[in-house]
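Listed here are the chains, written in short residue letters.
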Amino acid sequence: MNNHQKGAKASYIALIVFVLIWISGANALHRFTKETFAEFQAPALQIASKGSDLSRYWELKSRSNEELISASRDLARINAALELRLHSIDDIRRENTRLRENARYTSNSEFLTVVARVISRDTSSWWQKIIIRKGRNDGIRPGSPVVFSDKVIGRVSAVHLNISEVDLVTSPTFRCTAFLVGDEKRRIVYVKGDAANSLSPGRAKITGIPIDYNPPTGQPIKVLTTGLGGVFPSGLILGEVDGSIRMSTDDNYKVADLNPAKDLNMIEEVSVLVPQYPTANEILLAPSEKIKLEEFR
Amino acid sequence: MSPDDSLNKISVPSAPITPWRMYVIFTVFAVGFIYIFCGLFYRQLIQSQDLIDQANSQSEVIVWRPPARGKIMDRNGRTLVENRVRWSVKANLLSLEGEIDKEYRTLVKAEKDKEDNLKINYENLHQQARVNVLNRWLKKIWFVIDESNQKKSPSDKKKVKFLANSPEREVNASALAKHMRETRILKFTLISDLTFPELRNQISDEEADRSIARFIEQFPVDGPITIESDMIRSYPFGSLACHTLGYVKDSNQLPPNFDANFEISFKKLSKSKYTGKVGAEGVEQTYDYALKGISGWERWTKTSAGYKRELLESYPSQTGSESMLSLDVNIQQAAEKALGSIKDSVGNPLPGAAIMMDVNSGEILAIVSQPNYNPNRLASKVTSKYYDEIQEQGGWMNRATQGLYAPGSTFKIITAIAGMRSGKIDYDDILECGPVLRVGNHDFPEHEPYGFGQVDVEKMLAISCNVWNYRVGLMVGPDLLAQEARRFGLDQTLLKTNPAVSGSENPNAYELPSPARRMIIPDSNYKERIGQGNWTGGDTVITAIGQGFILTTPLHMACFASSLARGETRTTPTIFHDPTRIPYHQDSRPIGLNRNQLNAIREGMIRCVTEGTARSIQIPGFQFAAKTGTAEYYKSGQKAHLAWIIGYAPAKNPQVAFAVLVEGQLDTNTWGGLTAGPVAQAMIKEWLNSKNSPSDE
C-alpha cells in the first residue's frame, strides 16, 4: 500500500469517526456546532449587508443634480404634509396625557423596541425566514414579535450574538391568535403560516372562524392580533383576508387565506418588540436563560 | 490396430449412466419446480388480494371523523343549539417515545436498585413512565396557561394559580391506560377544553380565550404537545329549555350512513374505536337520527407500536340536519324567569313546570321544568360530580311531560262538563253550597269558612267552590267523571311523533323522551284493582275536585285548556314547528255542550281572572280565561300544596293555552292564583309583546 492509498484510507476513517461522533453526540454538541456555524457565518452576512448598503449609497451618489433636486422637492412636499400630521398627533398626545393625568392612569410599556436592518431573507417555499442585523448583544430574545410600523412581520425564532433569525408570518412554524374586524363578539381565530409553493408568494391560513361570522361588505377584512397570548401586543395588523371565507372540509368552521400586511420580500428594516419581562414560553423553552420554572411557582 | 478396433473402443463407455436414475432426478426437480411455480401462482394470483388485505390490516388503520351535529332553532330562527370550536391540548405519544423510554430506563434502574425488590412489573413501569413524562409536560402547559405565572413586574409576587381546581391538572392514569388499550392510534388528550366550561362560574369569556391564545402563541408549533380543534355542542341560552333540548354524551356507536362502499373496500382493515357524541334527553335524543350527521374517516398507516404515521386518504364527515322547534325563545325566557323567581324559605327555586301552546296547531311555544341544568357543562364530558348534583336537585326530570300530579281544582271544569253532559245539572242551575258537605261519616269542607251560598257553573269556576263539585260529583258518579276525563285524553300518552314533521321513520317514537304513561283516572273499580277496598262516596267527592287518586301531567292540562278553547276534546301537542301544518288533533271530537253550557264554562273562567281566584294576575286592557287550583299532596309524610293554573288567551278567539304547576314545600305558602298565576301572566305578557300587543275583541 503506497502513501497515497494510506492517506485516502485515513481520510475515510476520519470521516466515519466524525459521522459516528455526530450521530452519537449529545444534543449539546449539535447545538454548539450549529451556534458556531451561525456565529462564523454572521460576519460574512453582515459584511455583505453593509456592502449592499454602501453600493446603494454610491448608486445614489452617482445620480445627477437634476434628479436629486427633483427628489428633494418631492421629499419637501412629503415633509410638509407629515409635519402637519405630526402637529395633529402632538395635540392628541397632549390630550391623552391630560386624560391620563386626570384618570391617574399610569402604564409602563411592556416592550422595548429594537430597530434592526434585514440582512438576508429566504422566502423560498421551505423556510420563510429573514435574518436581521441585531442579536443577543442588542438585547434581542427568542420569541419576540417583529413588526414594521403596526404590521406584524413575524417572530424571532433564534438569536445569535449579533444576528437573529425571524420566522415570517407565512412560515409554517409561525402561529398566533387574531380577531377579525367586523366580528362584534370578538371571537378568536387561529392564524398559522402556510408553506407556499415555488410559484406563489407565502400565505398564512386563518382557521376557526365561527360559522355565523358575517364579514363586513365592501371593505377588506383586517386581521388583528388579540394581545391575549402574551406575545403580541393587541391590535397589530397581521394582514387582510385574501379571497373568500369558505367552510372547512368538515363543516366545523370557516377558513380563509391571509394576505400578510407587509410585502415580506421588500422588507429592509424591522422593529423587534422585546418583552420587558420574560414570557412563560421563554422560561420553558430557553433553559439557557437561567430562569427556573420553580422561581415562578 | 485396425480401424474397427478403434471404433469398438469409442462406442462402448467405460461406466455407463443408468437412465432410471436420471428420470428420478428429473422427476424430483420437475415436481419441485412445479410445486414452487404452483405455489407462486397461488400466492400471487389467487391469494394476492387476501395477502394484501392481511398486510394492510397490520399496517393501516381507519380513524373515524365524527360529524358536527345539526343546529336546533326556535320558531323564529333563533339558534337554541349550535356547535362551537373546542380547543383541546393533546400529546403525540409517538413523538414522546424517546422521552418515555428514557424515563422508563430510569424507573427500571431505580427499581432494580431497591434491596427488597423481588419481582419487577415492567408493564407497570412503562405505564408509570408515560404518566411521569405527560405530567411533566402538563406542568409546563399549566405554567403557560396560568395567568399568575405571567410576572408583570419584579414586585408582582402574586402566586395564585389560574384554575387551580381544574381536574386536568394531572394526568389521569386510568384514562391513559384505557387510551393505550383502545385508542392508541389517536393523540392523548391532556386538557379536553381550553375554555373550561365546567369552571365557567370562576372564569370570564376573556380568560377562557386567553388560555387558548397563550397556548397557541407560547408553545412551539412542531412540538410533541399540540392544540387541536373539534366541534362541540353549545347551548347559547345555557339552561334555557334544557329538558326539551337535552344534551349530548360520549358514544362509541358509529353513525351508520357513511360511504356505501366503505364496508366492502375496507372490510379487513382495523378500525379505531369511534368516539363521537349521541343525544341524551330531549330533542337531542329523540331527533338524534337526523341531528347526528354522517361520519367521515381517514385511512392512516401505523407504526409497529400502533401510532398513526401517514395519512393515505380521507372522507369528510357531513353535518347533521337542522331542526326547527316550535318554541319561542322570548316566551320561554319569560316563563323560566317567572318560575325561577318562586323560591322556598332558603332561596331555592321551587320545583315546577309551565307550558304555553298554540291553541290551533298544538305547537308548544314554551315548556319549562324546574329545577334544570346547564347542558353546556355536559357537552364536553358528563362528569359524575355534576350528574349527581343534578340528580340531587331533581333536575333530570321533565316535570312538564313526566311529572304526575293531582290536577286539583283545575279538574272542576271537567266535573262541570260531566254534570252538564250527563243532564244532572244545567248551566243556570243553582246549588246551595254551605261550609261543608257531609258524605258518610266525614265532613268535606269548603275553602271559605262560611260557604258560598247559591252557586251556578259560572260562579263555581270563578270562586272555585268545592261543595258545588262535591254535590255534582255525587250526582254524576265516579264512572262518568272518569269517562269525561278520559274523553279529554287525560290518561293518554302525549307527544307521539308525527313522521311528516319530524322525519322519523318510527311511528311509535315520541318527540320528547319518556313521556308519562302512568296517568291515573280512577273509576269505581279502581280501588279494588289496587287492593284498597271498595270505592266510597268520599272518594267520589275528592275526585270531583281533582284530588285523591287522580294523576296527570302539566302538559295534559295545557292540552285540555287548548281543547276547551277550541270547543273540542283533544289537542295533539308538538315540539316541532311547521309553518305549513294543517291543524289536526287526533281523536278530537266536539266538546258535546250546547252554546249556553260552553259559554257558562268560558264566562266562569273569565270571571276567575276578573273577580275570582286569579284576579291578582289581571292584565289591564286584555282579557283572558283561567282556572286556578291548589291540591294537597304528601311530601315526606306531611301535607304540602301544589299550585295550578290553566287557561287560554285571549278570552275571545283564543290563540294560546297555558298550564303552570308549582310544587309547594312543607314550609311554603303555595296557592294556585298567587303562586302559579304570575308565571302564566308573564307568559301571556310576553306572547302579547311578540304579537305586537293585540287587544282582545
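Quick summary incoming for the structure in this document. All values derive from a computational prediction rather than experimental measurement. (Residues numbered from 1 in each chain as written. Chains lettered and ligands numbered in written order. Predicted model: local features only at pLDDT ≥ 70, side-chain atom pairs only at ≥ 80, totals over all residues. Heavy atoms only, no water.)

**Describing the overall build of chain B**
Point 1. For chain B, the helix and strand inventory stands at 24 helices and 20 strands.
Point 2. Excluding contacts between residues fewer than 6 apart, the proportion of contacts in chain B whose partners are at least 24 apart in sequence is 73%.
Point 3. Just so you have it, chain B exposes about 32,700 Å², and 50% of that area is on carbon and sulfur atoms. (Helix = DSSP H or I, 4+ residues; strand = E, 2+ residues; numbered from the N terminus. Contact = heavy atoms within 4.5 Å. Areas by Shrake-Rupley, 256 points an atom, 1.4 Å probe, with all protein chains shown as cover.)

**Focus: the overall build of chain A**
Point 1. Helix and strand content of chain A: four helices and 12 strands.
Point 2. Out of the 297 residues belonging to chain A, those deemed buried represent 33%.
Point 3. Carbon together with sulfur atoms contributes 57% to the accessible area of chain A, which is approximately 18,100 Å² in total. (Buried < 20%, exposed > 50% of the residue type's maximum accessible area, 1.4 Å probe, protein only.)

**Examining the packing of aromatic side chains**
Residue and element names in this part refer to chain B.
Point 1. Per the stated rule, a full pass over the model turns up 18 aromatic pairs over all chains.
Point 2. Between Tyr373 and Trp396, the ring centres sit 4.9 Å apart and the planes meet at 50°, which makes this aromatic pair tilted. Taken together, the residues span a long stretch of sequence, with Tyr373 in the loop between strand E13 (364-370) and helix H13 (376-379) and Trp396 in the loop between helix H14 (384-393) and helix H15 (412-422) at a distance of 23 residues.
Point 3. Exposure remark for Trp396: the relative accessible area of 14% places this residue in the buried category.
Point 4. Ring plane angle 40° and centroid distance 4.8 Å describe the contact between Tyr387 and Trp396, whose orientation is recorded as tilted.
Point 5. Residue class for Tyr387 comes out partly exposed when judged on its relative accessible area of 35%. (Phe/Tyr/Trp six-rings, centres within 6.5 Å; stacked < 30°, edge-to-face > 60°.)

**Describing the sheet that holds strand E12 (residues 352-358) of chain B**
Residues and elements named next belong to chain B.
Point 1. Read from one edge of the open sheet, five strands run E13-E12-E20-E19-E18, paired in antiparallel fashion. Across the chains shown, the open sheet's two edge strands, defined by having one partner strand only, are E13 and strand E18 (625-635). Across the sheet, the mean angle separating the axes of adjacent strands is 10° when strand polarity is ignored.
Point 2. With seven bridges connecting them, E12 and strand E20 (residues 656-663) associate as antiparallel partners. Its bridge partner lying in E20, Met356 is registered against Phe658.
Point 3. Contacts between helix H12 (residues 329-340) and the sheet are confined to E12, E13 and E20, with E13 contributing the most and set at about 25° to the helix. (Pairing = 2+ DSSP bridges. Axes fitted to C-alpha atoms, helices over the stretch in contact; angles between N-to-C directions.)

**Considering the pairing of strand E19 (residues 638-649) of chain B**
All names here are of chain B.
Point 1. For E19, the tally of buried residues reaches nine of 12 residues, placing the bulk of the element in the interior.
Point 2. In the sheet, E18 pairs with E19 via 11 bridges, with the strands oriented antiparallel. Bridge pairing in E19 places Gly629 opposite Trp644.
Point 3. Following E18, the chain reverses through two residues before pairing antiparallel with E19; Ser636 in that reversal takes a positive phi of roughly 50°.
Point 4. Across eight bridges, the pairing between E19 and E20 is antiparallel. Note that in E20 the partner of Tyr648 across the bridge is Ala657.
Point 5. Count of turn residues in the E19/E20 antiparallel hairpin: six residues, of which Asn653 carries a positive phi of about 55°.

**Observations regarding the pattern of salt bridges**
A side chain of one charge can pair with a side chain of the opposite charge if their charged atoms are brought near each other.
Point 1. Taken as a whole and judged by the stated rule, the model has 44 salt bridges over all chains.
Point 2. As a salt-bridge pair, Arg84 of chain B and Asp193 of chain B come within 2.6 Å of each other at their nearest N and O atoms. Placement of the pair is Arg84 of chain B in strand E3 (residues 79-91) and Asp193 of chain B in the loop between strand E4 (188-191) and helix H7 (205-218), with a sequence separation of 109 residues.
Point 3. Each of Asp53, Arg117, Arg133, Glu268 and Glu269 of chain A takes part in one network of salt bridges that share partners. (Salt bridge = Lys/Arg side-chain N within 4 Å of Asp/Glu carboxyl O.)

**What about the environment of Leu168 of chain A?**
Point 1. One can find Leu168 of chain A in strand E5 (residues 164-168).
Point 2. Residues Leu168 of chain A and Thr279 of chain A, spaced 111 residues apart in sequence, show a C-alpha to C-alpha distance of 20 Å.

**With respect to the sheet that holds strand E7 (residues 270-271) of chain B**
All names here are of chain B.
Point 1. Across the sheet, four strands lie side by side as E7-E1-E9-E10; this open sheet has mixed pairing. Edge positions in the sheet fall to E7 and strand E10 (308-315), since each of these pairs with one other strand and no more.
Point 2. In the sheet, strand E1 (residues 60-65) pairs with E7 via two bridges, with the strands oriented parallel. Paired with Val61 across the two strands is Ser270, which belongs to E7.

**Thoughts on the nonpolar core**
Residues and elements named next belong to chain B.
Point 1. Among the nonpolar cores identified, the biggest contains 99 residues, and Ile364, Ile413, Val457, Cys465, Trp468 and Ile601 are the most heavily contacted of them.
Point 2. In terms of residue count, the dominant contributor to this core is helix H22 (residues 554-566) (eight residues).
Point 3. Residue contacts for Trp468: discarding those within four places in its chain leaves Ala416, Ile425, Leu431, Cys433, Val455, Asp456, Val457 and Met460.
Point 4. Counting residues in each nonpolar core, the second largest holds 48 residues, with Trp137, Val144, Ile216 and Ile225 among its members. (Core = buried A, V, L, I, M, F, W, Y, C linked by side-chain atoms within 4.5 Å.)

**Description of the packing of H15 of chain B against helix H23 (residues 595-610) of chain B**
Residues and elements named next belong to chain B.
Point 1. Packing of H15 against H23 leaves a shortest axis separation of 11 Å and a crossing angle of 160°. Taken together, H15 and H23 sit at an angle that is classed as roughly antiparallel. For the element pair H15 and H23, the recorded crossing hand is right-handed. Of the residues in H23, those touching H15 at Ile413, Ala416, Ile417 and Met420 are Gln597, Ile601 and Met605.
Point 2. Grouping the amino acids of the contact of H15 with H23 by side-chain chemistry returns six nonpolar, one polar and no charged. (Parallel < 35°, antiparallel > 145°, perpendicular 65-115°, else oblique. Left-handed = near helix turned anticlockwise from the far one by under 90°. Nonpolar A, V, L, I, M, F, W, Y, C, P; charged D, E, K, R; others polar.)

**Things to note about the side chain of Gln47 of chain B**
Residue and element names in this part refer to chain B.
Point 1. With respect to the secondary-structure elements, Gln47 resides in the loop between helix H2 (19-46) and helix H3 (48-59).
Point 2. Of the residues examined, Gln47 reaches a relative accessible area of 19% and is grouped as buried.
Point 3. For Gln47, the side chain forms a polar contact with the side chain of Arg43, separated by 2.8 Å. (Polar contact = N/O pair within 3.5 Å; in protein donor to acceptor, adjacent residues only side chain to side chain.)

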